[in-house]
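# Structural overview for review
Each chain is listed here by its residues.
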Amino acid sequence: MKVSQKQITVYEFDDGFFVEVSKDEDATYFYLGHTQYGVKSLMFGVPDLNLMSAEQLIEANIEDYIELYKEEYFDYNDLYDDIDER
């Protein structure tokens, strides 16, 4: 087993959502998670950040990925309580 260190930057959003951003030698990876669920879902990976910053990429995509995350991982009560509040 090999142990390595890596830096992760976390962006926090309303309603318990967060995005973790990590880099390796090939790409930058964006993972979406929620504080009440034990699942982090890969949003996407990009080979470089020359055209947009990490923040710009997150802001441009976060709403769509939150909806996908809810559909995939939220339980019935959390999903439909959220819809009822709208």
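What this report covers is the structure whose coordinates are included nearby.

Scoring rules and cut-offs
- Residues numbered from 1 in each chain as written.
- Predicted model: local features only at pLDDT ≥ 70, side-chain atom pairs only at ≥ 80, totals over all residues.
- Heavy atoms only, no water.
- Helix = DSSP H or I, 4+ residues; strand = E, 2+ residues; numbered from the N terminus.
- Buried < 20%, exposed > 50% of the residue type's maximum accessible area, 1.4 Å probe, protein only.
- Contact = heavy atoms within 4.5 Å.
- Areas by Shrake-Rupley, 256 points an atom, 1.4 Å probe, with all protein chains shown as cover.
- Salt bridge = Lys/Arg side-chain N within 4 Å of Asp/Glu carboxyl O.
- Core = buried A, V, L, I, M, F, W, Y, C linked by side-chain atoms within 4.5 Å.
- Expected span 1.5 Å × (residues − 1).
- Bend = angle between axes of the 7 residues up to and from the residue.

## Quick word on the overall build of the chain
- Each helix and strand counted, the chain has 2 helices and 4 strands in total.
- Evaluated residue by residue, the chain yields a buried proportion of 30% over its 86 residues.
- Within the chain, contacts between residues at least 6 apart in sequence are counted, and of these 29% link residues at least 24 apart.
- Accessible surface for the chain amounts to roughly 6600 Å². Of this, 45% is attributable to carbon and sulfur atoms.

## Regarding unusual backbone geometry
- Unusually for a residue other than glycine, Asp 15 sits at a positive phi of about 65°.
- Assignment of secondary structure puts Asp 15 in the loop between strand E1 (8-12) and strand E2 (17-23).

## Looking at the pattern of salt bridges
- Inspection of the entire model under this criterion finds 1 salt bridge.
- Ionic pairing is found between Lys 40 and Glu 20, a salt bridge with its closest N-O pair at 2.8 Å. Note that Lys 40 is positioned in strand E4 (residues 37-46) and Glu 20 in strand E2, a separation of 20 residues in sequence.
- The partly exposed category is assigned to Lys 40, whose relative accessible area is 46%.

## Quick notes on the nonpolar core
- In this structure, Val 19, Phe 30 and Leu 32 are the most contacted members of the largest nonpolar core, which totals 16 residues.
- Broken down by secondary-structure element, the contributors of at least two residues to this core are E2, strand E3 (28-34), E4 and helix H1 (54-73).
- Sorting elements by how many residues they give to this core places H1 first, with 6 residues.
- If we ignore the near neighbours within four places in the chain, the residues touching Val 19 are Thr 9, Val 10, Tyr 11, Phe 13, Phe 30, Tyr 31, Leu 32, Met 43, Ile 58 and Ile 62.

## Here we look at H1
- In this model H1 runs just 24 Å from its N-terminal to its C-terminal C-alpha over 20 residues, more than 12% under the 28 Å that 1.5 Å per residue would give.
- Roughly 55° is the biggest bend found in H1, and it falls at Ile 62.
- Within the sequence span of H1, burial applies to Ala 54, Leu 57, Ile 58, Ile 62, Ile 66, Tyr 69 and Lys 70.

## Quick word on the environment of Asn 61
- Examined against the element boundaries, Asn 61 turns out to sit in helix H1.
- Sequence separation between Asn 61 and Phe 44 is 17 residues, and the spatial gap between their C-alpha atoms is 9.9 Å.
- What Asn 61 contacts, discounting residues up to four positions off in sequence, is Met 43 and Phe 44.

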